[in-house]
Each structure stands twice: as C-alpha cells, then as structure tokens.
Amino acid sequence: MVTRVLRRAVVPVALAGMLMLAGAALGGIYADGLLFRLVAGAAVLSVGVGVAARRLPSWTVAPISAALLAGYAVLALRLAAGDAGLTFTAARDALTNGIPRLLTAMIPIEATPDTVIIAVGAVWVAGLAATEVAVRGGRVLLGCLPPALVYAGALYVVGPNASAATSCTLAFAGLVVAALAGTSVTAATAHAAVRARALGGAAAGLAVVLGLIAATGPWVAGRVTATPVDPRRYVQPPRVDSLDESPLNRISGWALDPTQQLLEFRPGFVPAAAPAPSAAASRPSGKPSASPAQPGVRLRLAVLSDYDGVTWRVGGVYRNAGRVLPPPTVAAGAQVSESQQQITITGLTGRLLPAVPTPTRITGARVAYDAATGTLIRPEGLTDGLRYTAVSQVETPDLNLLPVADVPSGDAWVRYLKVGPNTPAQIERLAEHLAEGYGAAYDRAVVIEQFLGEHYRHVADAPSGHAYPNLAHFLFGRRDLGGQKGTSEQFAAAYALLARMTGLPSRVVVGFIAPAAGGPVTAGDALAWPEVYFDGVGWVAFDPLPETDDVRPVEEDFTPPSPTPPPSPSDTPAPTGEESSAPPSVVVAAPGAGGPSTALIASGASGGLVFVLVGAAVAVVALRSSQRRRRLTFGDPAQRITGAWLEFTDTLRLAGNPVPAHLSATEAAGHASVPPPPAKRGGLLRRPVPPSGAEPSPGAVPPSGAVPPSGAEPPSGAEPVADVPEAPPLPPLDALVDAINTAGFAPEAADAGQADRAGEQVVAYATALRARRNWWRRVLWSVRPGPLRWNRRP
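This section reports on the structure supplied with the text. (Residues numbered from 1 in each chain as written. Predicted model: local features only at pLDDT ≥ 70, side-chain atom pairs only at ≥ 80, totals over all residues. Heavy atoms only, no water.)

Here we look at the sheet that holds strand S6 (residues 335-345)
We count it as follows: Any two strands with at least two DSSP bridges between them are considered paired. Under the DSSP-based scheme used, a helix requires at least four consecutive residues in state H or I and a strand at least two consecutive residues in state E, with every element numbered from the N terminus. Axis definition: a line fitted to C-alpha atoms, limited for helices to the stretch in contact. Angles are taken between N-to-C directions and run from 0 to 180 degrees.
Sheet architecture is open: 5 strands sit in the order S8-S11-S6-S1-S15, paired in antiparallel fashion. Each edge of the open sheet carries a strand with a single partner, namely strand S8 (359-363) and strand S15 (519-522). When the angles between neighbouring strand axes are averaged without regard to direction, this sheet yields 30°. As paired strands, S8 and strand S11 (residues 387-396) are joined by 4 bridges and run antiparallel to one another.

What follows is the structure, encoded as structure tokens:
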C-alpha cells in the first residue's frame, strides 16, 4: 500500500519540483528569499489541490482552485507588503501594474506586492493545469508543458541579470525524466492491456524527449555562452519632464524667492561634514545657509552627467525600486559611514526626491532609481506632506591622496568628458590657459576653482541659463551689461565644462544645504556644485563660489581672443586735394572699321545686366519664400518651432538689429519688441531733442512730433517739419517664446498647435517690421539673399 502511494506521488512531486525550480531561477534577481518561498507554497498547494480533487468531477476543480488561489494571493500580498500593510488600493495597483513593474524594477528586486503577485499567480495556474493533464488525464509528458513554459518565462525575465541557471535546468530535466519513469513503473503493476498501453505511451514520451534533445542540442550548446536578451529594454521606464531632467534651470527661480520652504529635514545619525577639497576650505559669504560655525548637510537632488552645449541633464534610466537600493561602488581610499534621515515635502514640486548621498534604503515612498547617477524620483510626483525615511551610505574621500591622484580613462568615462559641438573659441582658450603648467589632475581642478572664485560675483538675480552663449557671457561679458556674475548654476556649469576640457571627468550636482541639527530647508538653501572623479578617491565636490564680493575683473588676468574686425570705410585713405581736383583722364577710342556701334553695344550690355539682376532678384524671392514654407510647415512640431525661431532671427538681422548670442528666448523677444528707429528719414539725419530748459540752437529742427510753444515762430531759415505719426506697436511674440522653450527642454511635448501659433506670430512680426521701412528698404529686404546662407538648417 505504501509503495503504491509512493509510486503515485512521483508525478505530483515532480510537477511541484519543476515549478519550485522556476521560482528558484526567478529568485536570482530578487533581494531576498521571500519570492521563492511564496512560489514554492503556490506550487505545492496548487498541485496538492489537483491531486486531492482528482476523484471529483472535472468541472468542480477550477472553482475550488480559484477560491484557494484568491486566499493564497491575499496572504502573499500581506507578506510582501510587510510593515506598510496591505490596502485595497495597493492590492488593486499590484494586480493592474504587476507585469510592467516587474519588467521595470531595479535589480536586485525587492519582494513587494506588485513584484510577486504575477509569479505566484502564474505558478498556481501552471500547477493546476499540469496536475489535471498529468494526474487526471494520465498524459505526463503533456502535463510537463505548463511547468516548462513557466520555467522558460522565468529565465527570460531574469535575462543577463543573474548567473547561468545550469544546475536548475539540469534538475528540471531530471524531474521530467523521473515523472516519465514513475509512470512506467506504475504501469508495470497494472493490467496487462493497460500496462502495455501505458508502457507504449511512456516509451513514446521518452522517444520524443530524446528526439528534442538531439534536434535542439547543438543550438542550445551554441547559446550557452551567448548573452541572454534582457526584456527590460522593450519596456519604457518611468520618464521625467524637462525641469526634472535638468533641475539646474530651477536654481535662479529658487534664488529669487529664498524664503520659500521646500522641505523639512530631520537627521538620525549624521557624520561630521567633510571639508571641500579647495585651497579655501570655508567660504563665509556668497553661499547658502551652511557656514563653518553651523555646518550643513548636503542633500542631493539630482546628478547631471550629460552636457550637449545647451543643457546639463541627468540622462538616467530609472527603474522602479523597492525599499532596498543597490549599494554604490566605493573607492578604495574612501571611508564609509551610514546616515539616516527623515524628509517631509512641504513645497518642493516635480518628481525628484532629495536625500543624503548615496541612498541605499527608502521607506515611506515608492521610488524609481537611476543606479548610474544615484538620482531618485517618485513616478507619481511629489505632494505636500509626503514623508519618507532614507538610509544613506556616506562616502568620505581621503583628501590626502588628492595631490598624487590621477583621473580614470576609457569608454566608461567618455560620458563625463564629453562636451557639446562648436565650443566657443574663448572658452577653449581659457581652458588651455588654466591648464598650462599644471600636469597633476588635482592641480588643474584647484586652479579652475580658484579662477572662478577670484574673478566672478555670486548674485541671486542673474538670469537662468548654462548653454554655451550663457556661459560665454558669464565668463567674458562686460560687467556693466550683466557679465561676470551669476548664480551657483553658472559657477557649477562653467567649472564642469572647463574641467572636462582640461581632461577631468566631471559632473554637476543640484541639491540643498540642510541644517545639520535639522529644520526647514528653503529655496535659498538650493545649491549647485561640481564634482570631479579621481582614481582611488572617488567623486570629490569642489566649491567655485567666491569668498567675498570683492573680486577682480577677468580682463586683468586673461584676455579672451576676439576675431579681427574687417576694415571700416573710414580706414580707407581719402584722396588728397590734388587728386580730387585733377580732371579725369579722357581716353579717345579710335573709330572702328566696322561692326555695331558703341551705343548699340552699351545698350545691349545694359539690358542684359538688368535682365540678369531682375532674374536674380526673382530667384532670391522664390528661394526665400520656399525656405520659409519649408521651415514653418515641414517636419515634426519641434522642427517647425525651430524653423520659426530661425525666421525670427533672420528678420531681426535684416532689420539691422540682430539677437545677441547670450540672450534667452524671453530676453530675445524683449530685445525685438523695441527695434531701433531708422537712422534717416527722407535723406535727413534725425536731430536729438535738447535737454529740458535748454535753448535750441539756431536753425535747429524740432524732433518729429514736437509741438512748438504757443505763439512761437519757427527759426529763420528752417524748413517746416511735418509731424510723423507714431508707428503702431509690433505684434507680440509670446507664443513663439513658449514654443521655443518647450522645443528646447521637452521636444516631445511640443504639439502642432504650438508650431502653428509660433509660425503665425513670426510672419506677422516680420510683416509689421518690414512695413516700417521706406519703399526702397522694403524692396531691399525682399531681395536680400542673406537669409539663404545665414542658417544652413531647415
């Protein structure tokens, strides 16, 4: 009796074992063993229910198993939820988003409700199907198919993110053979006819297995050393908008409202703040609230590693993470301590979550994490009152190693050395100037820090921007025009750019200085700082902000190169009096012996020249019309918005009022709203209005629109000047500014309506600006070929 029971138990045990092996393979990418335990329970219970109900009508098995599955799923969700507890909303979210969460979760995956429910459900259903086919139906080989599909799915989900599951695969094959062999043994004790039929089926099953092995063996052997496909590359990870992708743009806005409370910081154990590796370790002014008397704790909001000449961006790939985050790589010469802090959001917006770098555990909020940069986001966005606790691994570099430390190289560090194309020559020359004579990496890093701290002022009202034109204006612009001053945005961006151009792997970090004892963190505590990576030391933060406002102009120590201007007409020597008074030489041509007369040749040549000029003018008009149509109507919305911006800059250039390179879109629109008046009207120069109370000079012409005092006579000899009506205001450019900002920071958000409105505003503005010119200037405006070569982009 016992022997018979054991023989009958071979197939169910083998099926449950196959399903448990699937859980073991999938558990290789989980942070703990909870998933394997839950899957093993589902495998045993589902197969056990099928075996226990094998004598019941087949139609009753599915409802019974489904009811038990519901109860077991609730138990699994409760165990996975842990201390957070299980709510109806969390359970519904896990059932709805279980598959995408599993495929976008960060590895190692933490066992949470939304990352275990799919595996538990799949194993239970496979166990039910396998038991019905193999035990009730007696088709063991076919009954092994559901566990095989679950096992293959587990291997696919794991992909290249765990070691090869060779032992599990061999064990799975052994269980299949054991199930088939158990069927043969059971059949040997049955009736002769039944035994023959069972043995024949088992033999056929073994033959099929051996045939599959022979057919697929070479292919499988060839794939053993191949890297598996990672299904996560087919799933779109969580995305952020432009402000979260480049929070460096928010520094200027925060600086203008420094009292705005953003979050509340409550420390647990916080290690002593490490001094910045600088020639001047502490800076008493020009910085946020942290000071040597009251050291602060740096909270990191985002790490910006990519720069294309326009924007510093995180450039990260966020993966949904549980409470446990992957540990960071620690440099050999660094000391590591643990810090715990509680943060409550009180005004901060967006998706980025601040924390002491580098977080290894988060509780109280569901997060996504970019392991390459250490940046955290909350995919649902931040809300006031959100409270979470972070445990961080604080890395303190050994500063004594810096003077002899080198910087890394290779493909892994190209990202931190890459800059955008068309770097301004002035910035390149400054980087060469700062690197001259400094071979050691740390020396170059300190020289850049000292140069920025000694020549530029830190102000709160500087405009935002860190593209090449903005940084060139910050580094070399005239002080009376807003140059050589900026917020920590410009200081950090300029430092990181110069560091990369001198061979130092660098990045920009945006964060806050929180009070070490805890308390509110305001917008005035926002700070951007650069970091440089050194071999054996790790990432080291630098502080390029000035110590005081008493800084010297950059021209005293460095003069940027400037292109040689073309000679002006005034540089051409004027003719002397003798040359100007001498009569022109007269050359008398000898009369021709025959042929057409000189008058006929001259008239023909003049007519041909006029024809060529008219044809060229018509061609220019047609080409410019085609160029405008191509810019404003072809391409996606972001390309059409870019085309509208090129039409706008060409219009101002035609008007003699080009847009300065350092202006943002909003500033350029303000610059264009008040174009300079034409210098002449009717061939006469405009004369300035005399100061209030001053007597006009004899023969002075009153300005246009001026009304002489009652009873006053016009000066003798002066011609009356007709009043010139004031020109109507130019059309607005607000839609163009909004569109170009959208296309620049979030091109995927630009829509066709924005592109249409931007194009209509540009056309209306160009038409109104051209109408202000006199007739011959309007003609010249239309036939000037400059816009065809100024911008070679569509």
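Now that the structure has been shown, the text picks up again.
Notes on the side chain of Ser46
This is how it is decided: Two N or O atoms form a polar contact when they lie within 3.5 Å of each other; inside protein one atom must be a possible hydrogen donor and the other a possible acceptor, and for residues adjacent in sequence the pair counts only when both atoms belong to side chains. The contact criterion used is simple: two residues touch if any of their non-hydrogen atoms lie within 4.5 Å.
Among the secondary structure elements, Ser46 is positioned in helix H2 (residues 34-52). Polar side-chain contacts of Ser46 include one of 2.8 Å to the backbone oxygen of Ala42. Those residues in contact with Ser46 that lie beyond four places of it in its chain are Val123, Trp124, Gly127, Leu128 and Thr131.

Concerning empty space enclosed by the protein
Here is the rule we go by: Here a cavity denotes a set of grid points, spaced 1 Å apart and computed over the protein atoms alone, in which a 1.4 Å probe fits but from which it cannot get out, and a pocket denotes an open set meeting protein on both sides within 12 Å along at least five of seven lines; residues with an atom within 4 Å of a point are reported as lining. Grid points are joined across faces, edges and corners, and a volume is the space filled by probe spheres set on the points. Amino acids outside the nonpolar list (Ala, Val, Leu, Ile, Met, Phe, Trp, Tyr, Cys, Pro) and the charged list (Asp, Glu, Lys, Arg) are all regarded as polar, and Gly is one of them.
Following the criterion strictly, the structure yields 2 cavities of 30 Å³ or more and no others. Its volume calculated, the largest cavity comes out at about 40 Å³. Forming the walls of the largest cavity are Arg300, Leu301, Leu353, Ala355, Val356, Pro357, Pro359, Gly374, Thr375 and Leu376. Contributions of two or more residues to the lining of the largest cavity are made by strand S2 (296-304) and strand S10 (375-377). Grouping the amino acids of the lining of the largest cavity by side-chain chemistry returns 7 nonpolar, 2 polar and 1 charged.

As for helix H12 (residues 425-435)
Stated formally: Classification of residues uses two cut-offs on accessible area relative to the type maximum, computed with a 1.4 Å probe and protein chains only: under 20% is buried, over 50% is exposed, and between them is partly exposed. Taken from the helix axis, the directions to the C-beta atoms give the arc we talk about.
Within H12 the residues assigned to the buried category are Ile427, Leu430, Ala431 and Leu434. Projected onto a plane normal to the axis of H12, the buried residues spread over an arc of 100° and lie on a single side. For H12, the secondary structure elements touched by its buried residues are helix H13 (441-455), helix H14 (468-476) and helix H15 (488-501). Residue Gly437 follows H12 closely and has a positive phi angle near 85°.

Structural notes on the sheet that holds strand S17 (residues 538-541)
Read from one edge of the open sheet, 4 strands run S2-S14-S16-S17, paired in antiparallel fashion. Two strands bound the open sheet, and with one partner strand each, they are S2 and S17. Strand-to-strand twist in this sheet, taken as the mean axis angle between neighbours without regard to direction, amounts to 40°. Direction of pairing for S2 relative to strand S14 (residues 506-515): antiparallel, over a ladder of 8 bridges. Counterpart to Leu304 in the pairing with S14 is Val508. Packed on one face of the sheet, H15 meets S14 and strand S16 (526-534) and runs near 15° to S16.

A few points about the packing of aromatic side chains
Put simply, the rule is: Each pair of aromatic rings taken from Phe, Tyr and Trp, with Trp reduced to its six-membered ring, is defined by centres within 6.5 Å and is described as stacked if the planes are under 30 degrees apart, edge-to-face if over 60, and tilted in the remaining cases. To sit over a ring, a charge needs its Lys NZ or Arg CZ within 6 Å of the ring centre and within 35 degrees of the ring normal.
For the coordinates displayed, the defined rule picks out 19 aromatic pairs. Taking the centre distance of 5.8 Å and the plane angle of 85° together, the rings of Tyr307 and Tyr468 count as edge-to-face. Of this pair, Tyr307 sits in strand S3 (residues 306-307) while Tyr468 sits in helix H14; the two residues are 161 residues apart in sequence, bridging distant segments of the chain. For Tyr468, a relative accessible area of 6% gives the class buried. Ring centres of Tyr533 and Trp539 lie 5.2 Å apart, and the angle between their planes is 75°; on these two criteria the pair is classed as edge-to-face. Grouped by ring-pair contacts, the aromatic residues Trp413, Tyr416, Tyr533 and Trp539 constitute a single cluster. The ring of Trp529 carries the charged tip of Arg298 above its face, separated from the ring centre by 4.5 Å.

Quick notes on the side chain of Thr651
By secondary structure assignment, the location of Thr651 is in helix H18 (residues 637-654). Looking at Thr651, its side chain comes within polar contact range of the main-chain oxygen of Glu647, at 2.8 Å. When residues no more than four places from it in sequence are discounted, the contact partners of Thr651 are Tyr765, Ala766, Leu769 and Trp781.

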